[in-house]
Amino acid sequence: MVFSFKSALFVLAFITLGCTVSCIAQASQQTPASDPEQPIATRPSDPPSGTITSGTINGTIVDQSGAVVAGARVQLAGDNQSLKQEVLSGDNGQFSFANIAPGSFHLTITSTGFATQAFSGILHPGEAQTLPLIALAVATTVTEVEVGVPVAEIAEEQIRVEEKQRILGAIPNFYVSYIPNAAPLTPKQKFELAWKSIVDPFTLVVVGGTAGVEQAQNHFIGYGQGAEGYGKRFGAGYADTVTGTFIGGAILPSLLKQDPRYFYKGTGSAPSRIVYAIATSVICKGDNQRWQPNYSGILGALAAGGISNLYYPPQDRNGAQLTFENAAIGIGSNAVTNLLQEFVIRKFSTKVPNRDSSQP
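Residues numbered from 1 in each chain as written. Predicted model: local features only at pLDDT ≥ 70, side-chain atom pairs only at ≥ 80, totals over all residues. Heavy atoms only, no water.

The next thing to look at is helix H6 (residues 270–279). Within the span of H6, buried status applies to Arg-273, Tyr-276 and Ala-277. All buried residues of H6 fall inside an arc of 95 degrees around its axis, so they share one side. Across H6 from its buried face, at more than 90 degrees, point the exposed residues Pro-271 and Val-275. (Buried < 20%, exposed > 50% of the residue type's maximum accessible area, 1.4 Å probe, protein only. Helix = DSSP H or I, 4+ residues; strand = E, 2+ residues; numbered from the N terminus. Arc of directions from axis to C-beta.)

So, in structure tokens, the structure goes:
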């Protein structure tokens, strides 16, 4: 009985040992459990944390007909681009930008003969974006042509207006410019203006009337009376007009580059206009548009007075004294005429350019 009990204990211990060994063997074959505190190994295919995957941008440049445009300059700019990049389209019209940071981008395409084209888009991480065809329009050529009208032509047009200016529709008022910045006259134009002034019918009427008054007063007695005396007086008076007009209004102004015309002021206070009108009897505008002493007018009056000694009767010649007296009289009469031009004559003149009834 004792043996049997011991034998049973031995068998039970053997069985227990066998079970233990079997469990250990099975446990050794199983994969050990992961430690939750240990980090999970990063997969080689996953990008490192914080890395931004770049992309590419591709496109093709064509014209309005669909033909490729080679050599077009493509400039890339974007919010995430540190520097602008440029490429030229190839012979097939294609272009490509590689390693471009994702985000919004802007393309500017330029090419000779075409208008500048722009394209905007958004590039996603790792994206290889192919843009739709970018068609360039033919540039609209804007040609600015500056037509420079020669100064002589401008002056010619202004002279044509001046030659229509007449006081009360009859008395010529050619030597007055109502345009303050009128173009300077050429020598030819100065002579033409002088010629038209001396051959104007009203000039002949004035000279004829003056000769008649002189004859009635028996002035220049050496000329006598009758038709012959009248003809001499008329000839002397007309000679004075011709020499004074040509020498003071054409010859000397051409040589000294001065303008023989009176430039109407028409603005400012009355005293200032009076001073201006009187002063312009001894000063004038040069062809350079600057004011200067009126050498042409002063010397012209002296020259005309000196020449008159050649055809006036001997008893009416007084040499240099008469010449200077006549010159002084001429300057004074010019001052009076200028005052009339400034305050009176304009109101009675016809064909005045840019006439404004609000002006005095």
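What follows is about unusual backbone geometry. Of note in this structure, Asn-99 is not a glycine but carries a positive phi near 55 degrees. Relative to the elements of secondary structure, Asn-99 occurs in strand S4 (residues 94–100). For Phe-220, which is not a glycine, the phi torsion comes out positive at approximately 55 degrees.

To continue, consider the sheet that holds strand S9 (residues 166–167). Within the open sheet, the three strands sit side by side as S10-S9-S15. Their pairing is antiparallel. Among the strands making up the open sheet, the edge pair consists of strand S10 (171–172) and strand S15 (349–350). (Pairing = 2+ DSSP bridges.)

This paragraph deals with the pattern of salt bridges. Counted according to the given criterion, the structure contains nine salt bridges. Residue Arg-73 is joined to Glu-86 by a salt bridge in which the shortest nitrogen-to-oxygen separation is 2.9 Å. Linking Arg-73 in strand S2 (residues 73–78) with Glu-86 in strand S3 (residues 85–88), this pair joins segments that are 13 residues apart in sequence. Assessed through its relative accessible area of 42%, Glu-86 is described here as partly exposed. Between Asp-287 and Lys-190 there is a salt bridge, with the nearest N and O atoms lying 3.1 Å from each other. One end of the pair, Asp-287, is in the loop between strand S13 (283–285) and strand S14 (291–293); the other, Lys-190, is in helix H3 (residues 187–198), with 97 residues separating them in the sequence. Shared partners join several salt bridges into a network, and the residues in it are Glu-162, Asp-259 and Arg-261. (Salt bridge = Lys/Arg side-chain N within 4 Å of Asp/Glu carboxyl O.)

When the pLDDT values of the chain are averaged, the result is 81; 79% of them are 70 or greater. Low pLDDT, under 50, characterises residues 1–17; the stretch is placed with zero contacts to residues that sit more than four places away or in other chains. (pLDDT = per-residue confidence, 0-100. Contact = heavy atoms within 4.5 Å.)

Note on soluble globular proteins: their nonpolar side chains tend to be buried together. With 16 residues, the main nonpolar core has Ile-57, Ile-61, Phe-95, Phe-97, Leu-107 and Ile-109 as its most contacted residues. Leaving out residues up to four positions away in the same chain, Ile-109 has contacts with Ile-61, Ala-72, Arg-73, Val-74, Ala-115, Thr-116, Gln-117, Ile-134 and Leu-136. Val-176, Tyr-178, Tyr-264 and Tyr-276 belong to the second largest nonpolar core, which has nine residues in total. (Core = buried A, V, L, I, M, F, W, Y, C linked by side-chain atoms within 4.5 Å.)

The next subject is the packing of H3 against helix H5 (residues 226–256). When two helices pack together, their arrangement is given by the angle between the helix axes and the distance between those axes. The interhelical angle for the contact between H3 and H5, taken along N-to-C directions, is 165 degrees, at an axis separation of 8 Å. If you check the angle between H3 and H5, you find them roughly antiparallel. Of the two possible hands of crossing, H3 and H5 adopt the one that is right-handed. On the side of H3, the interface is formed by Pro-187, Lys-190, Phe-191, Ala-194, Trp-195 and Ile-198, while H5 contributes Tyr-238, Thr-241, Val-242, Thr-245, Phe-246, Gly-249, Ala-250, Ile-251, Pro-253 and Ser-254. Looking at the contact of H3 with H5 residue by residue, the class counts come to 11 nonpolar, four polar and one charged. (Axes fitted to C-alpha atoms, helices over the stretch in contact; angles between N-to-C directions. Parallel < 35°, antiparallel > 145°, perpendicular 65-115°, else oblique. Left-handed = near helix turned anticlockwise from the far one by under 90°. Nonpolar A, V, L, I, M, F, W, Y, C, P; charged D, E, K, R; others polar.)

Another point: the environment of Gly-229. Of note, Gly-229 is situated in helix H5. In this structure Gly-229 comes out as buried when scored by relative accessible area, which is 0%. The spatial distance from the C-alpha of Gly-229 to the C-alpha of Asn-218 is 9.4 Å, given a sequence separation of 11 residues. With near-sequence residues (within four places) excluded, Gly-229 lies in contact with Gln-215, Tyr-223 and Gly-224.

Let us look at the sheet that holds strand S5 (residues 103–110). By way of backbone hydrogen bonds, the strands of a sheet pair with one another, either parallel or antiparallel. Read across the sheet, four strands follow the order S3-S2-S5-S6 without closing on themselves; strand pairing throughout is antiparallel. Of all the strands in the sheet, just S3 and strand S6 (117–123) have a single pairing partner and so form its edges. On average, each strand axis in the sheet is tilted by 25 degrees relative to the strand beside it, whichever way the strands run. Looking at chain direction, S2 and S5 are connected through six bridges and run antiparallel. Across the sheet, the residue bridging to Arg-73 is Thr-110, located in S5.

What follows is about the packing of aromatic side chains. Tallying each qualifying case throughout the model produces 11 aromatic pairs. On the numbers, 5.2 Å between centres and 55 degrees between planes, the contact of Tyr-178 with Tyr-264 is tilted. Residue Tyr-178 is located in the loop between strand S11 (176–177) and H3, and its partner Tyr-264 is located in the loop between strand S12 (262–263) and H6; the two are separated by 86 residues in the primary sequence. The same class applies to Tyr-178 as to Tyr-264, namely buried. Feature note: the residues Phe-220, Tyr-223, Tyr-311 and Tyr-312 constitute an aromatic cluster, connected by ring pairs. (Phe/Tyr/Trp six-rings, centres within 6.5 Å; stacked < 30°, edge-to-face > 60°.)

Closest axis-to-axis distance for the H5/helix H7 (residues 295–308) pair is 8 Å, and the angle between their directions is 140 degrees. With respect to H7, the axis of H5 lies oblique. Note that H5 runs across H7; the crossing there is right-handed. Across from Asp-240, Thr-243, Gly-244, Ile-247, Gly-248, Leu-252, Pro-253 and Leu-256 in H5, the residues of H7 making contact are Tyr-295, Ser-296, Leu-299, Gly-300, Ala-303, Ala-304, Ile-307 and Ser-308. Looking at side-chain class alone, the contact of H5 with H7 contains nine nonpolar, six polar and one charged residues.

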